[in-house]
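Fold and contact review
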Amino acid sequence: MIAITRHLSPAIARCELTHLERTPIDFDRACDQHAAYRDALRSLGCEVIELPAEPDLPDSVFVEDAAIVLDELAVLMRPGAASRRGEVDSIEPALAPHRTLARIKPPATIDGGDVLIAGRRIFVGMSTRSDPDAVEQLRGIVEPHGYLVETAPVHGCLHLKSAVTTLDDHTLLINRNWTDAACFDGFQLIDVDPAEPHCANVIAVNGTILAPVHGQRTMSVLRERGYEVAPVASDELAKAEGGLTCCSLLLPSST
Ligand code: CIR
């Protein structure tokens, strides 16, 4: 597994914010947490690619939003926030050696954080960042490869993957208050602990679940269900509305 990451922009203080009030981000602490995140990915067998910081793109550490990666191809997104559109050209050269690239075209908008890939089913969150035009374009790109594209509502959080992420091809971790659980028929659903609404954003990598360290109760639930869980601190970038999935693009290296 390759994990593409990007160092924090020194302009992170000017990040986009939707649901949170702006509070000061401790840049050094955020960098330390990002380094620990990269180490966690390495310890789980990932080859971590570290792209240089983009001084003029405040949110560019959140590489997940610029593209999605499938075994067969990668699709460059068109982020909903205008300030983030430059991130796409910036990530393209890092993906090009690994996958054929397709691209969502204007005026459609879609953030990778809204795209949940679960086996051959792809769910797109209808958040403030992603629109039906992009869903249709994505469908046209990926359905020839055998994927089914569906939509799910998003309310109360930024992206679909703030509300639900994959634990494995059959199981999802979900906060039902932020999306509609009925959209995910056919999957086993595990609920985040009600006291930890922000803890549905986890990364399943090589058999282990990377989970936010502040989600102790949710981690206990996952362990009881037989998952190996590794905690990662992410509270500094959480002030920029970033979670764990947003800081990497994972590319299975089997292809
Ligand atoms: C934004 O609002 O776009 C960034 N401040 C946070 C993006 C987080 N990305 C994600 O959840 N996939």
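In the block above lies the structure referred to throughout.
Described below are features of the structure shown in this document. Just so we're clear, the structure is a prediction, and the values are computed from it rather than from any experiment.

**Comments concerning the overall build of the protein**
Across its full length, the protein carries six helices and 15 strands. By its C-alpha atoms, the protein is 45 × 40 × 35 Å across when sized along the principal axes. Burial status across the protein gives 55% buried among its 255 residues. Considering only residue pairs separated by 6 or more positions, the protein has 67% of its internal contacts joining residues 24 or more positions apart. Carbon together with sulfur atoms contributes 52% to the accessible area of the protein, which is approximately 10500 Å² in total. Measuring between centres, the 22 positive side-chain charges of the protein sit 1 Å from its 37 negative side-chain charges.

**Considering the nonpolar core**
The biggest cluster of nonpolar side chains holds 23 residues, and the ones touching the most others in it are Ile 12, Leu 41, Phe 62, Leu 210 and Leu 237. Counting residues per element, this core draws most heavily on helix α1 (residues 27–43), which supplies four residues. Ignoring anything within four residues of it in the chain, the contact list for Phe 62 reads Ile 12, Arg 84, Glu 87, Leu 237, Ala 240, Gly 242, Cys 246 and Cys 247. Grouped together as the second largest cluster of nonpolar side chains are 19 residues, Leu 70, Ala 108, Ala 134 and Val 142 included.

**Regarding the pattern of salt bridges**
Applying the stated criterion across every chain yields a total of 19 salt bridges. Here Glu 50 makes a salt bridge to Arg 42, at a shortest N to O gap of 2.5 Å. The exposure class of Arg 42 is partly exposed, given its relative accessible area of 34%. Here Arg 84 ties to Asp 65 by a salt bridge, and the two come within 2.7 Å at their closest N and O atoms. With Arg 84 in the loop between β4 (74–76) and α2 (86–95) and Asp 65 in the loop between β2 (47–51) and β3 (67–69), this residue pair connects regions lying 19 residues apart in the sequence.

**Things to note about the layout of surface pockets**
Any space left empty among the atoms is revealed by the rolling of a water-sized probe across them. Taken as a whole, the largest pocket spans an internal volume of roughly 890 Å³. Lining the largest pocket are 34 residues, and of these Ile 117, Thr 166, Ala 204, Leu 250 and Pro 252 sit closest to its centre. For the lining of the largest pocket, the secondary structure elements donating two or more residues are β3, β6 (115–118), β9 (164–168), β12 (203–205), β13 (208–212) and β15 (249–251). When grouped by side-chain class, the residues that make up the lining of the largest pocket number 20 nonpolar, eight polar and six charged. Together, 31 residues line the second largest pocket, and Ser 162, His 198, Glu 241, Gly 242 and Gly 243 are the ones closest to its centre. Going through the elements one at a time, α4 (160–163) and α6 (235–238) are the ones with two or more residues in the lining of the second largest pocket.

**What to know about the environment of His 159**
You can see His 159 is positioned in the loop between β8 (148–153) and α4. Its relative accessible area of 7% is what places His 159 among the buried residues. Sequence separation of His 159 and Gly 242 is 83 residues, and the distance between their C-alpha atoms is 9.9 Å. If we skip the residues at most four places from it in the chain, His 159 touches Asp 65, Asp 111, Gly 113, Asp 114, Arg 129 and Val 154.

**Let's talk about empty space enclosed by the protein**
Per the stated rule, a full pass over the model turns up two cavities of 30 Å³ or more. In this model, the largest cavity occupies a volume close to 80 Å³. Lining the largest cavity are Gln 33, His 34, Tyr 37, Ala 233, Ser 234, Leu 237, Gly 243, Leu 244 and Cys 247. The biggest single contributor to the lining of the largest cavity is α1, with three residues. Of the residues contributing to the lining of the largest cavity, the split by class is five nonpolar, four polar and no charged. When its volume is computed, the second largest cavity comes out at roughly 30 Å³. Lining of the second largest cavity is provided by Arg 6, Ser 60, Val 63, Ala 66, Glu 87 and Ile 91. Its residues placed into classes, the lining of the second largest cavity shows three nonpolar, one polar and two charged.

**Brief notes about the packing of aromatic side chains**
According to the stated counting rule, one finds two aromatic pairs in the structure shown. With centroids separated by 6.0 Å and ring planes inclined at 65 degrees, the aromatic side chains of Phe 123 and Phe 187 adopt a geometry described as edge-to-face. A residue pair is termed long-range when its members are at least 10 positions apart, and Phe 123 in strand β7 (residues 121–126) and Phe 187 in the loop between β10 (171–174) and β11 (188–191) qualify at 64 residues. Judged on exposure class, the residue Phe 123 and its partner Phe 187 are both buried.

Criteria and cut-off values
Residues numbered from 1 in each chain as written. Predicted model: local features only at pLDDT ≥ 70, side-chain atom pairs only at ≥ 80, totals over all residues. Heavy atoms only, no water. Helix = DSSP H or I, 4+ residues; strand = E, 2+ residues; numbered from the N terminus. Buried < 20%, exposed > 50% of the residue type's maximum accessible area, 1.4 Å probe, protein only. Contact = heavy atoms within 4.5 Å. Areas by Shrake-Rupley, 256 points an atom, 1.4 Å probe, with all protein chains shown as cover. Lys, Arg positive; Asp, Glu negative; His and termini not counted. Charge placed at Lys NZ, Arg CZ, Asp CG, Glu CD. Core = buried A, V, L, I, M, F, W, Y, C linked by side-chain atoms within 4.5 Å. Salt bridge = Lys/Arg side-chain N within 4 Å of Asp/Glu carboxyl O. 1 Å grid on protein atoms, 1.4 Å probe; cavity = no way out; pocket = protein on both sides within 12 Å on 5 of 7 lines; lining within 4 Å. Points joined across faces, edges and corners; volume = space filled by probe spheres on them. Nonpolar A, V, L, I, M, F, W, Y, C, P; charged D, E, K, R; others polar. Phe/Tyr/Trp six-rings, centres within 6.5 Å; stacked < 30°, edge-to-face > 60°.

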